[in-house]
Amino acid sequence: MPMTIDPIHPPILEVTGLTMRFGGILALNDISFAVKCNSISALIGPNGAGKTTVFNCLTGFYKATEGRIALHTPRAAIDLISILGQPFKASDFINPAVFADRLYYKMFGGTHRVTRAGVARTFQNVRLFKEMTAIENLLVAQHLQLNRNLLAGLLRTAAYRQSERDALERAYAWLQVFGLAEDANRLAGELPYGHQRRLEIARAMCTSPRLLCLDEPAAGLNPRETTELSQLIRQLRDEHGVTILLIEHDMSLVMDLSEHIVVLDYGEVIADGDPQTVAHHPAVLAAYLGTEAVNDDESR
Amino acid sequence: MPSTAASPAASEVRWNLVFRQAVLEAAAAFALALLLLGPIVGLVLDGYQVKNELQRPLLIAAIIAVGRFLVTLATHTPAGQAALDRFNARRRQPGVLVVSAAESGRQRWWLLAIIILGLTLPFLASKYWLTVLIQAMIYVLLGLGLNIVVGLAGLLDLGYVAFYAVGAYGLALGAQYLDLGFWSALPLAAMLAALFGGVLGFPVLRMHGDYLAIVTLGFGEIIRLVLNNWLEFTGGPNGVSAPAPQLFGLEFTRTARDGGVPFHEYFQISYDPLHRFVFIYLVLFLIVCLMVVVVTRLRDMPVGRAWEALREDEIACRALGINHVLVKLSAFMMGATVGGIAGVFFATYQGFINPMSFNFFESALIVAIVVLGGLGSTTGVIVAAVVLTILPELLRAFADYRVFAFGALMVLMMIWRPRGLMRPRRRAFEVKGLCP
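Residues numbered from 1 in each chain as written. Chains lettered and ligands numbered in written order. Predicted model: local features only at pLDDT ≥ 70, side-chain atom pairs only at ≥ 80, totals over all residues. Heavy atoms only, no water.

Q: With reference to specific residues and values, describe the overall build of chain A.
A: Across its full length, chain A carries twelve helices and ten strands. Rg of the C-alpha trace for chain A: 21 Å, near the compact-globule value of 19 Å for 300 residues, within the 12% margin. In chain A, once contacts between residues fewer than 6 apart in sequence are set aside, the share between residues at least 24 apart is 66%. Accessible surface for chain A amounts to roughly 13800 Å². Of this, 53% is attributable to carbon and sulfur atoms. Distance between charge centres in chain A, computed from 28 positive and 34 negative side chains, equals 10 Å. (Helix = DSSP H or I, 4+ residues; strand = E, 2+ residues; numbered from the N terminus. Rg over C-alpha atoms; globule rule 2.2 N^0.38 Å. Contact = heavy atoms within 4.5 Å. Areas by Shrake-Rupley, 256 points an atom, 1.4 Å probe, with all protein chains shown as cover. Lys, Arg positive; Asp, Glu negative; His and termini not counted. Charge placed at Lys NZ, Arg CZ, Asp CG, Glu CD.)

Rendered as structure tokens:
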């Protein structure tokens, strides 16, 4: 798929030749797409197309077999695959710099590095810390921004207390953005489902991400909640400067919300473009609705 | 019951029904009890003959039947009904209670009373009870340490006794080879235990649940077997002696070694072997108080929250940028440190240790303390540790049934209070102007 890269506004995320194999199964085959900075993009496709696999590769839960995922931050481009830690290659033993790099990421790398680079995610089935209060969920998410010095915490120094106060205020601010202020001291597991969904997005926002990946954010929500959610997602993009990439089955939400859509089927990108183009793309129609046998050969 | 206000006739019919139900249930209980107890209690082996003493199970079964009858009747009176409702309501409540700061502030007076009691007890107790108290405090310390690993971080550690052994042997062998005293060995043994915690933690970081439990169980046994078999270094099953603590160089012996001044001569009081135990108890009590403060603060700190988050959902933790490897490791090391400190106190109070003290039953007992107290609840763990050490001493007469009673207690607890004695509590946060 040809990609046009605007030199002035480079894409925040650039995926090239992403391939993922599970044993003999080719789950993703040479996927390439880019996500523009400060946009809302969607990843759609029929069931089993590999959307969640792409997400898991982007957020570091799977180690891609081949390909490159680059996150462009104002400072540098970060290779999201190498920071997971990769096996050594023979050539590494000649080049000490590469070897040291690999050794470092092998020891200290992992999924958490991806989040630290600025990619946050939510899960298809909500994964909250159920026996902790809503506000504590948000405090956990701010872990990296806090004063984690053990002695400072045990002695309750002024700097430590200030850092905790700041964290609490940030957490309350996010709860208010998501309309959850009243649930602050309730256990996350007790909240109604719609609130849990929103709390999970709030928690992801607390890691101060550049790119927010939402895995089926509207699943299980009623139409009113879905509308609220789409407003909320827009608000996050407009007011908090975060780029959003989402997987969603609710087509009306996707068409209404996103500026750019990538369609996957059988682990391959079959269409890529703005909602209008994608909606009328023959391959997409074929994938979603099926075609007659004669047309099938043409579209593949 | 809605029909209590109905006509006398209806009420009479209802009571007849209740009465019938009670009689039936009593009969069933009688039959069951007889079936269960008949062979065990009724047939007594006497020499080579079996003596028939059926009147004993009959009597016990009759008591059970009457009890069952009365309970059934009682649950149908308004008061009984209310009690039953309360009980059921409590079971339906969520497991965790969120408590505001004002509510927890009220406990401050209780805390003060307990500390004063704890400080005065050794001066009232006999030597026997003093040793029991020291034992109880050691188990409190062990419970607090394991509570970090099992209760907060959710990593089931069945070999916790290994760190206890490392602490105890750290003092004993440190004194033997490096000429360390109690006070210098205390931090060193704690650090050594932390190191062992790290050594154990590293390979098991990628394991969960059952696998982790098995590996830690193996680790505990390895430490014990090494201590038992490395004759040249540890003395093997013969054990090693451990030094007693000193108060600024004053010894608690009748005559001091190397020309020093013993404690009782310095203060010009008559010699009493009890002084040593009182001193150990007081130091231990202060350490326990300190540890309670440390653990309480740790829970509110980022690392404590990360531990609990890890227990709740490891995948979500990773998605939030928390390095789960380091968080697990820190939990292991922190728990091991506390275990090591407990070990040092155990060694110094016993004066002599051998590997027999660090078998799997100890590990199981500590896990039981944590589970019984309520995973993650500091108060619960303290209560459970004290109860589980003092109760067996009170029930010396039934020593043969101790393990049986222990098992029965665990089963009952799991049925009625699966979350432990104390319901886990969480702190409610307040931010000015935002919260009611």
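After that view of the structure, there is still more to cover.
Q: I'd love a proper account of the overall build of chain B, names of residues and values included.
A: A count of helical and extended segments in chain B gives 18 helices and six strands. Seen through its principal axes, chain B has C-alpha atoms that stretch 90 × 75 × 50 Å. The proportion of buried residues among the 436 residues of chain B is 45%. In chain B, the share of contacts with a sequence separation of at least 24, taken over all contacts with a separation of at least 6, comes to 75%. For chain B, the accessible surface area stands at approximately 22900 Å², while carbon and sulfur atoms represent 69% of it. Side-chain charges of chain B comprise 32 positive and 24 negative groups, with the mean position of each set lying 9 Å from the other. (Buried < 20%, exposed > 50% of the residue type's maximum accessible area, 1.4 Å probe, protein only.)

Q: Give a detailed account of unusual backbone geometry, specifying residues and quantitative values.
A: Glycine aside, residues mostly have negative phi angles, and peptide bonds mostly take the trans form. For Asp30 of chain A, which is not glycine, the phi torsion reads 55° and is therefore positive. Note that Asp30 of chain A resides in strand 2 (residues 25–35).

Q: Can you tell me about the sheet that holds strand 9 (residues 260–265) of chain A, naming the residues and giving the values?
A: All names here are of chain A. Read across the open sheet, the six strands follow the order 6-7-8-3-9-10; overall the sheet is mixed. Both edges of this open sheet fall to strand 6 (119–121) and strand 10 (268–273), since each of them pairs with a single strand only. Between one strand axis and the next, the sheet turns through 20° on average, direction left out of account. Inspection of the sheet shows strand 3 (residues 40–44) paired to strand 9 by four bridges, in the parallel sense. Residue pairing across strands places Ile44 opposite Val263, the latter belonging to strand 9. The strands touched by helix 1 (residues 51–58) within the sheet are strand 3, strand 6, strand 7 (211–215), strand 8 (243–247) and strand 9, with strand 8 carrying the most contacts at an inclination of about 145°. (Pairing = 2+ DSSP bridges. Axes fitted to C-alpha atoms, helices over the stretch in contact; angles between N-to-C directions.)

Q: So what's going on with helix 7 (residues 193–205) of chain A? Which residues, and what values?
A: Across its 13 residues, helix 7 of chain A extends 19 Å between first and last C-alpha, which sits within 8% of the 18 Å expected from 1.5 Å per residue. In terms of residue burial, helix 7 of chain A counts as a mostly covered element, since eleven of its 13 residues are buried. Buried residues of helix 7 of chain A: Gly194, Gln196, Arg197, Arg198, Leu199, Glu200, Ile201, Ala202, Arg203, Ala204 and Met205 of chain A, and no others. Buried residues along helix 7 of chain A sit in contact with strand 6, helix 4 (134–141), helix 6 (158–177), strand 7 and helix 8 (223–240) of chain A together with helix 14 (314–319) of chain B. (Expected span 1.5 Å × (residues − 1).)

Q: Provide a residue-level description of the interface of chain B and chain A, including the pertinent values.
A: Contacts between the two partners involve 35 residues from chain B, matched on the other side by 42 residues from chain A. Buried area between chain B and chain A, both sides added, is near 3700 Å², and the carbon and sulfur share of it is 64%. Of all residues in chain B, Arg305, Leu320 and Phe429 of chain B give up the largest surface area on contact with chain A, accounting jointly for 19% of the area buried on that side. Where chain B touches chain A, the interface holds four salt bridges. In this structure, the salt-bridge partner of Arg156 of chain A is Asp300 of chain B, at a minimum N-O distance of 4.0 Å. Scanning the region where chain B abuts chain A turns up 13 residue pairs in polar contact (both at pLDDT 80 or more). In terms of residues, the side of chain B that touches chain A owes the most to one element, helix 13 (residues 302–312) of chain B, which gives seven residues. (Buried area = accessible area lost by both parts, 1.4 Å probe. Salt bridge = Lys/Arg side-chain N within 4 Å of Asp/Glu carboxyl O. Polar contact = N/O pair within 3.5 Å; in protein donor to acceptor, adjacent residues only side chain to side chain.)

Q: Residues and numbers for the sheet that holds strand 2 of chain A, please.
A: Residues and elements named next belong to chain A. Strands sit in the order 2-1-4-5 across an open sheet of four strands; the sheet is antiparallel. Of all the strands in the sheet, the pair left with one neighbour each is strand 2 and strand 5 (77–79). The sheet shows a mean angle of 25° between the axes of neighbouring strands, direction not considered. In the sheet, strand 1 (residues 13–22) pairs with strand 2 via seven bridges, with the strands oriented antiparallel. Residue Arg21 lies in a different strand from strand 2, and its bridge partner there is Leu26.

Q: Could you give an account of the packing of aromatic side chains, with specific residues and numbers?
A: Summed over the entire model, instances satisfying the criterion amount to 18 aromatic pairs over all chains. Consider the rings of Tyr177 of chain B and Phe233 of chain B, whose centres lie 5.0 Å apart with planes at 15°: the pair is stacked. Note that Tyr177 of chain B is positioned in helix 7 (residues 161–177) and Phe233 of chain B in helix 10 (residues 231–234), a separation of 56 residues in sequence. Feature note: the residues Tyr164, Tyr169, Phe277, Phe346, Tyr349 and Phe358 of chain B constitute an aromatic cluster, connected by ring pairs. The ring of Phe129 of chain A carries the charged tip of Arg203 of chain A above its face, separated from the ring centre by 4.7 Å. Above the ring of Phe277 of chain B, the side-chain terminus of Arg276 of chain B is found at 4.8 Å from the ring centroid. (Phe/Tyr/Trp six-rings, centres within 6.5 Å; stacked < 30°, edge-to-face > 60°. Lys NZ or Arg CZ within 6 Å of the ring centre and 35° of its normal.)

Q: If you had to explain the packing of helix 8 (residues 182–204) of chain B against helix 9 (residues 209–229) of chain B to someone new, which residues and values would you point to?
A: All names here are of chain B. The contact between helix 8 and helix 9 brings their axes to 11 Å, and the two run at 145°. For the element pair helix 8 and helix 9, the recorded crossing hand is right-handed. Residues Phe196, Leu200 and Val204 of helix 8 form the contact with helix 9, whose own contacting residues are Leu212, Val215, Thr216, Phe219 and Ile223. Grouping the constituent residues of the contact of helix 8 with helix 9 by class yields seven nonpolar, one polar and no charged. (Left-handed = near helix turned anticlockwise from the far one by under 90°. Nonpolar A, V, L, I, M, F, W, Y, C, P; charged D, E, K, R; others polar.)

Q: Just give me the short version of the confidence of the model for chain B, but keep the residues and values in it.
A: When the pLDDT values of chain B are averaged, the result is 84; 92% of them are 70 or greater. Of all helices and strands in chain B, the one with the weakest mean pLDDT is helix 4 (residues 101–105) of chain B (62), whereas helix 7 of chain B scores best (93). (pLDDT = per-residue confidence, 0-100.)

Q: Can you tell me about the nonpolar core, naming the residues and giving the values?
A: Within the largest apolar cluster, 156 residues are counted, with the highest numbers of intra-cluster contacts made by Leu212 of chain A together with Ile138, Trp307 and Phe345 of chain B. Each residue touching Phe345 of chain B, except ones within four places of it in the same chain, is listed here: Ile138, Phe182, Leu186, Ile280, Val283, Leu284 and Ile287 of chain B. By size, the runner-up hydrophobic cluster in this structure holds 33 residues, among which are Val54, Leu71, Tyr105 and Val269 of chain A. (Core = buried A, V, L, I, M, F, W, Y, C linked by side-chain atoms within 4.5 Å.)

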